[in-house]
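Now for the letters of each chain:
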Amino acid sequence: IVVAADIAAYAKGPARPTCGAGAVAVLVGRDAPLAMVDPSERATHATHVWDFFKPDHTVEYPTVDGALSQVCYYRALEDVYNRFADKLTNKKKDGTKNDQQKQFTAESADYFVFHAPYNKLVQKSYARLYLLDARRRYQRAKEQLLLKESEHMPEAVPASDDSASDASGDYASPDPAPSP
């Protein structure tokens, strides 16, 4: 069993309402009820940002940049979700590439677990998953359209020296003016 806990205490100011404590216990092992069967079906995110740190370990309270911390949270969410969804979309159950392109979306999962310093962040993050799905659908449709257009375009034929002089005739108006 793995147990992790954290207590968040802040000095007086705008971050104080988000104070709290949290803990989690995870059963790890072969017979664990929550199993990571395929380790490739995961995504992680890490970045070096000074949004929350303790420059002085003799003081109980950290230095916090709440606005930057929220931006970091959304960036991490987007990065992890997009990479995770792409992995599951591109993989079949047997581990081979998914040719059917069944898309992983926010509706594919039974549950999502979010860090919850305040309720609105969780609501906005869950809604953001649907925005990310819409972006992915748009990008996929755009790529398919470009692919379809490229299949229907005639191949370019290199012009020879003889046809170069007649090239302007291809673009002439349908009713050329008579010569004087």
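Analysis parameters
Residues numbered from 1 in each chain as written. Predicted model: local features only at pLDDT ≥ 70, side-chain atom pairs only at ≥ 80, totals over all residues. Heavy atoms only, no water. Phe/Tyr/Trp six-rings, centres within 6.5 Å; stacked < 30°, edge-to-face > 60°. Helix = DSSP H or I, 4+ residues; strand = E, 2+ residues; numbered from the N terminus. Buried < 20%, exposed > 50% of the residue type's maximum accessible area, 1.4 Å probe, protein only. Lys NZ or Arg CZ within 6 Å of the ring centre and 35° of its normal. Expected span 1.5 Å × (residues − 1). Contact = heavy atoms within 4.5 Å.

Participant: Got a minute to help me understand the packing of aromatic side chains in this structure?
Facilitator: Two aromatic rings, taken as a pair, are described by how far apart their centres are and by the angle between their planes. Taken as a whole and assessed by the stated rule, the structure comprises nine aromatic pairs. Ring centres of Y81 and F104 lie 6.2 Å apart, and the angle between their planes is 50 degrees; this geometry places the pair in the tilted category. Highlighted residues: Y81 in helix α1 (residues 66-89) and F104 in the loop between α1 and α2 (119-152), separated in sequence by 23 residues. Arranged with centres 5.4 Å apart and planes meeting at 80 degrees, the rings of Y126 and Y130 form a pair that is edge-to-face. Placement of both Y126 and Y130 in helix α2 is noted, with a separation of four residues, approximately one turn of the helix. Residue classification places Y126 among the partly exposed positions, given a relative accessible area of 34%. According to the relative accessible area criterion, Y130 is partly exposed, its value standing at 32%. The ring centre of Y74 lies 4.2 Å from the NZ or CZ of R128, which sits over that ring.

Participant: Help me understand α1, please; the structure alone is not making it clear to me.
Facilitator: For an α-helix the count is 3.6 residues per turn, leaving residues at separations of three or four pointing the same way. Between its terminal C-alpha atoms α1 stretches 34 Å, which fits the 34 Å expected from 24 residues at 1.5 Å a residue. Among all positions in α1, only C72, Y73, Y74, L77, E78, Y81, A85 and T89 are buried.

Participant: Could you clarify how one ought to interpret the side chain of S125 in this entry?
Facilitator: Mapped onto the elements of the fold, S125 is located in helix α2. Its relative accessible area of 0% is what places S125 among the buried residues. Discounting chain neighbours no more than four positions away, the residues touching S125 are Y73, Y74, L77 and F114.

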